[in-house]
Amino acid sequence: MHLYLRTHVAQPPYQVWQGFTRELFLALAPPFPPFHLLRFDGCQRGDRVEIELGAGPLRSRWTSLITEHGILPDGTYYFVDEGQELPPPLGYWRHRHLLQPAPGGGTYIVEDIEYRSLFRWLEAALYPVIWAQFAWRRPIYRRLFGAGAR
C-alpha cells in the first residue's frame, strides 16, 4: 500500500531539515500505541532509529535504518528510512521524507510511505490507522515550522 501526505510550513527547506532532530521525533509520536524511544542516531545514511511500541506482553520493537539522504537539484532535502525489524502485522516499510521548496516560499513536508502487511488482506484495513498516525504530525509541523499560507 502507498500513503502520501503533504504539509505546507513557512520555513525554508534548509531550516526544516535542521529541525529534524530527536526532539522533533519525540514530539511527532502519536498518543497511541504507547511508545518508547530506544535509539535515535539522526536522519543521515547509516543512522538507526529504534522504538518499542505497546506495553506489557504486547510490546514489539521497530528498528529503521536510514538508507538514503541528500539534497536534490531542485533544493529538496530528503531521507529514507526502511524498516529492519517491524512489529506485526507489518512485513515491509519504506518511508521517504521530502522537504520540498514550495512555490511562493516555505516548504512542503512530504510523508511518502510504502508498506506491506504479513497478510495481504490486512493492508487496506491498516491504511486508516497509518494515515491517522501521520496526519497527527501536520499541526505539530505547522506549530514548530510556522503555518504555511496553504
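First, a word on scope: everything that follows refers to the structure included in this document. If you're wondering where the values come from, they're calculated on a predicted model, not measured in any experiment.

## Considering the overall build of the protein
Stage number 1. A tally of regular secondary structure across the protein gives 4 helices and 7 strands.
Stage number 2. Each helix and strand of the protein, placed in order from N terminus to C terminus, yields the pattern β-α-α-β-β-β-β-β-β-α-α.
Stage number 3. In terms of overall size, the protein behaves like a compact globule, its C-alpha atoms giving a radius of gyration of 15 Å where 150 residues would be expected to give roughly 15 Å.
Stage number 4. Taken over 150 residues, the protein has a buried fraction of 42%.
Stage number 5. Partitioning the intrachain contacts of the protein with sequence separation of at least 6 by distance along the chain shows that 51% fall at a separation of at least 24.
Stage number 6. Surface exposure of the protein reaches about 8,000 Å², of which carbon and sulfur atoms provide 57%.

## Points about helix 3 (residues 123–135)
Stage number 1. End to end, helix 3 covers 18 Å across 13 residues, agreeing with the expected 18 Å (1.5 Å per residue, within 8%).
Stage number 2. Within the sequence span of helix 3, burial applies to Glu123, Leu126, Ile130, Phe134 and Ala135.
Stage number 3. Among the structural elements, strand 1 (2–9), strand 6 (90–101), strand 7 (107–117) and helix 4 (137–145) are those in contact with the buried residues of helix 3.

Parameters at a glance
- Every chain is numbered independently, its residues counted from 1 as its sequence is written.
- pLDDT decides what is reported in this predicted model: residues at 70 or higher carry local features, side-chain atom pairs at 80 or more are listed and counted, and totals for whole chains, interfaces and linings draw on all residues regardless.
- Where side-chain values are given, they derive from all heavy atoms of the structure, hydrogens and water being excluded.
- Helix and strand assignments come from DSSP, with helices taken as H or I runs of at least 4 residues and strands as E runs of at least 2, each series counted from the N terminus.
- With the radius of gyration taken over C-alpha atoms, the globule rule is written as 2.2 Å times the number of residues to the power 0.38.
- Relative accessibility decides the category of a residue: with a 1.4 Å probe and only protein chains considered, values under 20% of the type maximum give buried, values over 50% give exposed, and everything between is partly exposed.
- Note on contacts: a residue pair is in contact if any heavy atoms of the two residues lie within 4.5 Å.
- Residue burial considers only the protein chains on display, and all accessible areas are found by Shrake-Rupley using a 1.4 Å probe.
- What a helix is expected to span follows from its residue count: subtract one and scale by 1.5 Å.

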